[in-house]
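So you can see what is in the structure, the chains are spelled out below.
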Amino acid sequence: MGKGFFQVPTAINEPIKSYAPGSSEREAVLEQYKTYFNGNVDVPMYIGSKEVRTGNTKPMSPPHDHKHIVGTYHTADQKNVQAAINNCLESRNAWANLAWEQRAAIFLKAAELIAGPYRAKINASTMIAQSKNIHQAEIDAACELIDFLRFNVEYMSQIYAEQPDSAEGIWNRVEYRPLEGFVYAITPFNFTAIAGNLPASAAMMGNVVIWKPSDSQIFSAKVIVDIFKEAGLPDGVINVVYGDPVMITNTILASSDFAGLHFTGSTHVFKELWKQIGNNIHTYKTYPKIVGETGGKDFILAHPTANTKQVATAISRGAFEFQGQKCSAASRVYLPKSTSKEILEFVKADIESFNKPGSPEDMSNFITAVIHEGSFDKLAKYINQAKEDKNADIYAGGSFDKSKGYFIEPTVIVTTDPKYTTMETELFGPVVTIYVYDDKNWSETLQLIDGTSEYALTGAVLSNDRYAIEEATKALQNCAGNFYINDKPTGAVVGQQPFGGARASGTNDKAGSAQNLLRWVSPRLIKETFVTPVDYRYPFLG
Ligand code: NAD
């Protein structure tokens, strides 16, 4: 077979479509939304070449209309999970040995399918499954997933090109082997792009994968599977199972061939998984790679010199877009006394200008529903608690209603206690808590931010004073993996702002970067000597 050092197409970020009234993309996505909404899809698991239907089904409903059913999915029993493991292992040899450019072509084709024929489908399914408005669906399900696939192909080729030096008479080479075993990808509800990327990034590097999507994302996960299949991903490379996460995980982590975990979700679950892997360590053939991106308590800090309208906009977008259900969403804010009143008034005016939370099908809705009843009840509890507590006030919003959809009004809590519970706990909803600091306590406030939360995912400082920016950048060095200056703390773009946090927020392996892909390979160094010595004696022996 012919050989070559192939150059992959240069990755560029997928342009975001506007969906403005009258645009063709708006018509296409609304038509697809109606088709899905009025349909009744039956989603199987995918194990090897089989579509597995166990008959143990669960309904799928849009969070903004939870009594309406758009389909069902089949859940696994232990035999199905074991079959997925066996299938991975049967598929491993052929996939691991396939030329890398063939793997690259599959995922580049998947990116083009999303950009073109599947764009309306992946966006409409995300609007229904996760209640994203069209802009949020577009930047996630279409653009970010396309970017992950294109940029990761480029990073993969850069990794393979990275080779050691060779001294005279020898040749050193590194081959980047996939892990010996299979990778387990567990994905969260909140980003269709993450759901696609966690199994795909490991598979791209030659690994076989078992993917367990979140129960709340299966409707859009099915579209990802359809895309990968049409792109030519061979059966058995990514096996997909749904159902009881504890049973599925116990079965997978008991396998001696378990070689890596690619997780995104909550901190508590990740810590338990890490512990379980540690307890099983004698079972495994290799030390499993563990990559996890988890929760956050992301901050915005305004300096007295910051432009008040800019701070308010960073809060309104950073805290409330996608109902605050981004791991990067601003949820604790520190405002200086001198400008806090003005900033708060701007934020209140923004909230009052949003429509009441509603369906994403109505494109004038900025805010839709939170993901499920558990999330709704948790948020309602914290809002009710703030109404009672002496050290907290509901400054804006504060109402909620789950009769039709899980709707929580965007809510601003102002507290006099910088360690108030909602300054420390990840709520994962459209609730932001504000603490007003005395302008003269700027430096102390930096220490406060650093010491307030176990997380270190994102954070933003807004200031027009360079000395203050420099001081904040240094003082807050360890409290955010992604740190923003004069911007909101959300909206990381693949290829531009590789994303991940430290402390309890995760292993910080930066999704959408070569660093992440390196976790899915085990390099083998090959040293070849051209003229091999025939005498053990070194000259110094005389
Ligand atoms: P979650 O932890 O409830 O679920 C995530 C996944 O873990 C799901 O597939 C779920 O079924 C599975 N799971 C739940 N319990 C499990 C168990 N005992 N064993 C194995 N798997 C289990 O999280 P979610 O509600 O889907 O997502 C929101 C969370 O994800 C937030 O904490 C958010 O901050 C975090 N998140 C982080 C990032 C990041 O990059 N840091 C990105 C997106 C989401």
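This report concerns the structure included in the present document. This structure is a prediction, so every number in the text was calculated from the model and none was measured. Every chain is numbered independently, its residues counted from 1 as its sequence is written. In keeping with the predicted nature of the model, local features appear solely for residues at pLDDT of at least 70, side-chain atom pairs appear and are counted solely at 80 or more, and the whole-chain, interface and lining totals rest on all residues. Each side-chain value is derived from all of the structure's non-hydrogen atoms; neither hydrogens nor water enter the calculation.

### As for the pairing of strand β13 (residues 330–336)
Each residue is placed in one exposure class: buried if its accessible area under a 1.4 Å probe, protein chains only, is under 20% of its type's maximum, exposed if it is over 50%, and partly exposed if it falls in between. Secondary structure elements are defined from DSSP: runs of H or I of at least 4 residues count as helices, runs of E of at least 2 residues count as strands, and each element is numbered from the N terminus. β13 sits mainly inside the fold: seven of its seven residues count as buried. Should DSSP find at least two bridges between two strands, the strands are regarded as paired. Bridging between strand β12 (residues 298–302) and β13 involves four bridges; their strand directions are parallel. Within the sheet, the bridge partner assigned to Asp-298 lies in β13 and is Ala-330. Once you follow β12 into helix α10 (residues 308–320) and on to β13, the crossover reads as right-handed. Look down the strands so they point away from you; if the path from the first strand over the helix to the second goes clockwise, the crossover is right-handed.

### As for the packing of helix α4 (residues 119–130) against helix α7 (residues 218–231)
Packed helices, taken two at a time, are described by the angle their axes make and the gap between the axes. For helices, the axis comes from a line fit to the C-alpha atoms of the stretch in contact; other axes are also lines fit to C-alpha atoms, and the angle between any two N-to-C directions lies between 0 and 180 degrees. Where α4 contacts α7, the axes come no closer than 7 Å and their chain directions differ by 160°. When the axes of α4 and α7 are compared, the pair comes out roughly antiparallel. Facing Lys-121, Ile-122, Ser-125, Thr-126, Ile-128, Ala-129 and Gln-130 of α4, the residues of α7 in contact are Phe-219, Ser-220, Val-223, Ile-224 and Ile-227. Classifying every residue of the contact of α4 with α7 gives seven nonpolar, four polar and one charged. Angle categories: roughly parallel below 35 degrees, roughly antiparallel above 145, roughly perpendicular from 65 to 115, and oblique for all the rest. Contacts: residue pairs with any heavy atoms within 4.5 Å of one another. As a working rule, the residues Ala, Val, Leu, Ile, Met, Phe, Trp, Tyr, Cys and Pro are called nonpolar, Asp, Glu, Lys and Arg charged, and the rest polar, with Gly in that last group.

### Some remarks on the pattern of salt bridges
Every case where a carboxyl oxygen of Asp or Glu lies within 4 Å of a side-chain nitrogen of Lys or Arg is listed as a salt bridge. One pass over the full model with this rule turns up 24 salt bridges. With a shortest N-O distance of 3.8 Å, Lys-34 and Glu-361 are connected by a salt bridge. Of this pair, Lys-34 sits in helix α1 (residues 24–37) while Glu-361 sits in the loop between α11 (337–353) and α12 (373–388); the two residues are 327 residues apart in sequence, bridging distant segments of the chain. Residue class for Lys-34 comes out partly exposed when judged on its relative accessible area of 45%. Notably, a salt bridge pairs Asp-438 with Lys-440, separated by 3.2 Å at the nearest N-O pair. The class of Asp-438 is partly exposed, set by a relative accessible area of 31%. Overall, the relative accessible area of 65% leaves Lys-440 in the exposed class. What you see here is one network of salt bridges that share partners, running through Glu-14, Glu-112, Arg-119, Glu-138 and Arg-150.

### A short note on the packing of helix α2 (residues 78–97) against helix α8 (residues 245–253)
Put simply, α2 and α8 touch, their axes get as near as 10 Å, and they point 40° apart. The orientation of α2 with respect to α8, classified from their angle, is oblique. The two elements α2 and α8 cross, and the hand of that crossing is right-handed. Seen from α2, the contacting residues are Gln-78, Val-81, Gln-82 and Ile-85; seen from α8, they are Met-247, Ile-248, Thr-251 and Ile-252. Per-class residue counts for the contact of α2 with α8 are five nonpolar, three polar and no charged. Helix crossings fall into two classes, left-handed where the near helix is turned counterclockwise from the far one by less than a right angle and right-handed where it is turned clockwise.

### Some remarks on empty space enclosed by the protein
In this approach the atoms are scanned with a rolling probe the size of a water molecule, which exposes any empty space left behind. Every definition here rests on a 1 Å grid over the protein atoms only: cavities are sets of points where a 1.4 Å probe fits but cannot get out, pockets are open sets enclosed by protein on both sides within 12 Å along at least five of seven lines, and lining residues have some atom within 4 Å of a point. Grid points are joined across faces, edges and corners, and a volume is the space filled by probe spheres set on the points. In the structure shown here, the tally under the stated rule is two cavities of 30 Å³ or more. Of the voids in this model, the largest cavity is the one considered here, and its volume is about 120 Å³. What lines the largest cavity is a set of 13 residues, among which Val-225, Phe-228, Lys-229, Leu-233 and Ile-238 lie closest to the centre. Secondary structure elements with two or more residues in the lining of the largest cavity: α7 and β9 (238–240). Broken down by class, the residue content of the lining of the largest cavity amounts to eight nonpolar, three polar and two charged. What lines the second largest cavity is a set of 15 residues, and nearest its centre among them are Gly-324, Ala-329, Ser-331, Glu-426 and Phe-428.

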